[in-house]
Amino acid sequence: MIENVIGRYSLPFALATNFRINERDYLIPMVIEEPSVVAACSYAAKLFRKTGGFSASSDEPVMIGQIQLLDLRDLAKATEAILSHRADILAEINAGAGSIVERGGGARDLKIRKFEGSRIGNMLVIHLHFDTRDAMGANAINSALEGITPSIERISGGRANLRILSNLSDRRLAWASGMIEAETLVTEGAPGVKVVDAIIEAAVLAEIDPYRAATHNKGIMNGIDAMIMATGNDWRAVEAGAHAYASRDGQYTSLTRWWKDEDGNLHGRIELPLAAGIVGGATRAHRGAQAAVRILSPRSARELASVAAAVGLAQNFAAIRALATDGIQRGHMRMHARQLALAAGAAAEDVPGIVQRMIDAGSIRLAYAKEIVKERKQGS
Ligand code: NDP
């Protein structure tokens, strides 16, 4: 799959449970090294499930590819020339686009953006909108861009430099929403309505403050990345798209919105670009990814994107609920203690006992874990 390989590097492969999305049940394959993510996601899905689960959808899988055109004498004339050949250009792309066109995809549109007075002068950037069907589509659209470049140069009189997809795939958004009844959120110390308010307060901070939004969105991506990685998709592409989209109005903000209805119940919605596929890339080459896709069994890349959006919303809910109630450390520390016990060289069967001792002593530290492991070894 890649170059200069010295071995394989494996990560835990887990399933998040309880997901009901658009009245269908899903097991969510997740590959991730971080403790608590899968448990939190499954717990959140269980609460959403009580009110019927998530509603989710996504756009047609239209990617954007860019051609950077330089050395143009007259930007307006070049723009006019390209747009007057729009139909021919789209037809030429589709003639070379392979099976994607037979499957109903292919070139959809051309848009032209103008940049004047940059450090290297003026330029046009051509945007190709290309429906990649069930593929993430990076290779497919990059090939289309390279294939059409000679015609674009001839028509415009310019010189093409970059020809590459944009990871800000804002024509390919996915969104999900769901509701949790306030009474479901009761804790020992607070009635459900108070918890709803605390969750909304936490969510508003992420809307207005980039320092909080970065962490809030990181929590969302804990779930989405794990599923994207399990299914053999390019999580860096999804990450790049998500964070660029979170900045689309000039200030980095939250990818979710949380509010309450007149009965005090909590509602949430997420929206983000989700360029991921069920064919192509590593989904074709990696047996684990193939198994993950089979477990999830999405019928299309659009369905995969919708499910990923619901996973992001669930993960976000779990994080802000914990933060707005107990704080996340209570749940995290047991998992953290497990990792420390393993790092200290504990045998798998000794881990639960060591974890309990660390918790009882209120000392979740590597040095203490080592001390207990040493003590046990000396005792045996
Ligand atoms: P592939 O080229 O592997 O897969 C797409 C191809 O699969 C299509 O062109 C088509 O080829 C075939 N295909 C078969 N069935 C279908 C179907 N139902 N729908 C659509 N296509 C189908 O990969 P992608 O184009 O998806 O590119 C993804 C890869 O690109 C990832 O590995 C990613 O990491 C990488 N990448 C990402 C970049 C970025 O994000 N910036 C940049 C460059 C690469 P055919 O016509 O032959 O049947």
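Values in this document were obtained by computation on a predicted structure and should not be read as measured data.

Focus: the sheet that holds strand β5 (residues 106-118)
Hydrogen bonds between backbone atoms are what pair the strands of a sheet, whose relative direction is either parallel or antiparallel.
Working step 1: One open sheet holds the four strands; their spatial order is β5-β6-β4-β7, and the pairing between them is antiparallel. A strand with exactly one partner marks an edge of an open sheet, and here the two such strands are β5 and β7 (159-166). Sheet twist, expressed as the mean angle between neighbouring strand axes with direction ignored, is 20°.
Working step 2: Two strands pair when backbone bridges link them, and strand β4 (residues 62-70) and strand β6 (residues 121-131) are joined in this way by eight bridges, in the antiparallel orientation. From the neighbouring strand, glycine 65 faces β6, where its bridge partner is leucine 128.
Working step 3: Where helix α2 (residues 75-84) meets the sheet, its contacts fall on β4, β5 and β6, and the angle it forms with β5 comes to roughly 180°.

Digging into the environment of alanine 343
Working step 1: With respect to the helices and strands, alanine 343 occurs in helix α12 (residues 329-343).
Working step 2: What makes alanine 343 exposed here is its relative accessible area of 56%.
Working step 3: Considering only alpha carbons, one finds alanine 343 and isoleucine 354, 11 residues apart in sequence, at a separation of 12 Å.

Overview of the site of the ligand
Working step 1: What surrounds the ligand is a group of 22 residues, the closest being Ser99, Gly137, Asp234, Gly281 and Arg284.
Working step 2: Between the ligand and arginine 103, the relevant distance is 3.3 Å, taken from a nitrogen atom to a side-chain nitrogen or oxygen of the residue.
Working step 3: Within the backbone of asparagine 139, a nitrogen or oxygen atom sits 3.1 Å from an oxygen atom of the ligand.
Working step 4: Look at the ligand: alone it shows 940 Å² of surface, and the protein chains cover 71% of it.
Working step 5: With respect to the detected pockets, the ligand is housed in the largest pocket.
Working step 6: Secondary structure elements with two or more residues in the shell around the ligand: α4 (99-102), α5 (138-156) and α9 (281-285).
Working step 7: Among the elements that line the shell around the ligand, the one with the most residues is α5, at four residues.
Working step 8: Grouping the amino acids of the shell around the ligand by side-chain chemistry returns eight nonpolar, nine polar and five charged.

Re the nonpolar core
Working step 1: Counting 61 residues, the largest nonpolar core has Phe19, Ile28, Ile224, Leu274 and Phe317 as the members making the most contacts within it.
Working step 2: The biggest single contributor to this core is helix α11 (residues 301-324), with 12 residues.
Working step 3: If near-sequence neighbours (up to four positions away) are discounted, isoleucine 224 is found in contact with Val238, Ile270, Leu272, Leu274, Ala308, Val311 and Gly312.
Working step 4: If you look at the next biggest cluster of nonpolar residues, it comprises 30 residues, including Leu90, Leu110, Leu128 and Ala237.

Some thoughts on the sheet that holds strand β9 (residues 256-260)
Working step 1: Spatial ordering of the open sheet is given by β3-β8-β10-β9, a layout of four strands whose pairing is antiparallel. The two strands at the open ends of the sheet, each matched to only one other strand, are β3 (55-58) and β9. Taking each pair of neighbouring strands and ignoring which way they run, the sheet shows an average axis angle of 10°.
Working step 2: Of the strand pairs in this sheet, β9 and strand β10 (residues 266-273) are connected by five bridges, and their pairing is antiparallel. Opposite tryptophan 259, over in β10, you have histidine 267 as the bridge partner.

Calculation criteria
- Per chain, residues are indexed from 1 in the order of the written sequence.
- Only residues with pLDDT of 70 or above have their local features reported here, since the model is predicted, and side-chain atom pairs are shown and tallied only from 80 upward, although totals for entire chains, interfaces and linings are computed over all residues.
- The side-chain quantities take in all heavy atoms of the structure and omit both hydrogens and water.
- Paired strands are those between which DSSP finds at least two bridges.
- Working definition: helices are DSSP H or I runs of at least four residues, strands are E runs of at least two. Numbering for both runs from the N terminus.
- Angles shown run from 0 to 180 degrees and are taken between the N-to-C directions of axes, each axis being a line fitted to C-alpha atoms and, for helices, limited to the stretch in contact.
- Two residues form a contact once any of their heavy atoms are found within 4.5 Å.
- Partly exposed residues are those whose accessible area sits between 20% and 50% of the maximum for their type, while under 20% is buried and over 50% is exposed, using a 1.4 Å probe and protein chains only.
- The criterion for a residue being near a molecule or strand is simple. One of its heavy atoms has to lie within 4 Å of it.
- Polar contacts, as used here, are pairs of N or O atoms within 3.5 Å; protein pairs need one atom able to donate a hydrogen and one able to accept it. Residues neighboring in sequence count only if both atoms are side-chain atoms.
- Here, Shrake-Rupley sampling with a 1.4 Å probe gives the accessible areas, and only protein chains in the shown set may cover a residue.
- For each structure, a 1 Å grid was placed over the protein atoms alone; sets of points admitting a 1.4 Å probe that cannot get out are labelled cavities, open sets with protein on both sides within 12 Å along at least five of seven lines are labelled pockets, and lining residues have an atom within 4 Å of a point.
- Grid points define the cavity or pocket, and a molecule sits in it when more than half of its atoms lie within 2 Å of them.
- Gly falls in the polar group here, along with every residue not listed as nonpolar (Ala, Val, Leu, Ile, Met, Phe, Trp, Tyr, Cys, Pro) or charged (Asp, Glu, Lys, Arg).
- In this description, a nonpolar core means a group of buried Ala, Val, Leu, Ile, Met, Phe, Trp, Tyr and Cys residues linked to one another through side-chain atoms lying within 4.5 Å.

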